[in-house]
Amino acid sequence: YYAGLTAIGCLIIGYPFAYFMARAPKELQPTLLMFVMLPFWISMLIRVYAIKILFDDSGFLVTTLSGALTSMGLIDEPLHLLGTSFSMMFGMIYVYLPFMILPLYSTLSKMDSRYWEAAADLGTTPLKTFFLITVPLSKAGIIAGLMLVFIPCIGEYVIPQLLGGADTLMIGRVLADEYFQNADWPRASALAISIILMVIVPMMILNKYQEVAGETK
């Protein structure tokens, strides 16, 4: 469930970024691509700890936001963001967003701009051009991005452990608890097999789609 939400959230946020990068001037695209890849230069653990500090109850963001909302009469108690599904989803989307942007950018940058020019000449509005031409032609990038985000999110352990709470359990945390705390190896083995199946099925779908796309070309 959380892996699916993360993939959809990354798609909603990442598609406009990839589209803007693909339509940017050619000399500017390497710089934009570098900014997308910049988070990879820092350890994921450090970035997750930074988000944990950011969402801490005594942190600057939470205290400032709580004070502003309290003064406007919107809330009666201070906000509590850390250890909630919101903080965990924020961290997962932030960490895995580049995995969505990169395949989308690769697909959109190879798209022939004459399609957009032809649509404009025929009187199509930019919004219709986007949904009727750009999105269908970028289907391969969308599917690749969804799989690249969804598959590693299934077994994610670090982010739910540091940013999630008791109500935001993911299978990676449950698997670790069954192995190292409860010593329930049969259940842990069953969970491990479930993770493998949940990874294999999307990979089979992706490979099948790529084969069909290759035959179509």
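Analysis parameters
- Residues numbered from 1 in each chain as written.
- Predicted model: local features only at pLDDT ≥ 70, side-chain atom pairs only at ≥ 80, totals over all residues.
- Heavy atoms only, no water.
- Phe/Tyr/Trp six-rings, centres within 6.5 Å; stacked < 30°, edge-to-face > 60°.
- Helix = DSSP H or I, 4+ residues; strand = E, 2+ residues; numbered from the N terminus.
- Buried < 20%, exposed > 50% of the residue type's maximum accessible area, 1.4 Å probe, protein only.
- Lys NZ or Arg CZ within 6 Å of the ring centre and 35° of its normal.
- Patch = residues over 30% accessible without salt bridge, like charges linked within 9 Å, V, L, I, M, F, W, Y side chains within 5 Å.
- Areas by Shrake-Rupley, 256 points an atom, 1.4 Å probe, with all protein chains shown as cover.
- Salt bridge = Lys/Arg side-chain N within 4 Å of Asp/Glu carboxyl O.
- Core = buried A, V, L, I, M, F, W, Y, C linked by side-chain atoms within 4.5 Å.
- Contact = heavy atoms within 4.5 Å.

(A) Molecular detail of the packing of aromatic side chains. Summed over the entire model, instances satisfying the criterion amount to ten aromatic pairs. With 5.4 Å between their ring centres and 85° between their planes, F40 and F99 make a pair best called edge-to-face. Here the residue F40 occupies a position in the loop between α2 (29–37) and α3 (44–54), and F99 occupies one in helix α5 (residues 85–109), the gap between them amounting to 59 residues. By relative accessible area, F40 is classed as partly exposed at 36%. Every member of this aromatic cluster is reached through a ring pair, and the members are Y15, Y19, W116, F130 and F131. If you follow R23 out to its NZ or CZ, it ends over the ring of W116, 4.1 Å from the centre.

(B) How the structure looks around a nonpolar patch on the surface. Nonpolar side chains collect at one region of the surface, where M34, F35, M37, L38, F40, W41, I42 and I46 lie side by side and expose about 810 Å² of accessible area between them. Of the residues forming the nonpolar patch, the biggest block, three residues, is contributed by α2. Tracing the backbone shows M37 in helix α2.

(C) Representation of the nonpolar core within the structure. Membership of the largest hydrophobic core comes to 48 residues, with the highest contact counts inside it found for C10, Y96, V149 and I159. Secondary-structure elements contributing two or more residues to this core are α1 (2–23), α2, α3, α5, α8 (139–154), α9 (158–163), α10 (171–180) and α11 (185–216). In terms of residues, this core owes the most to one element, α5, which gives twelve residues. The contact partners of Y96, leaving out residues within four places of it in the chain, are C10, V149, P152, C153, E156 and I159.

Function-wise, these values are silent; they only describe arrangement.
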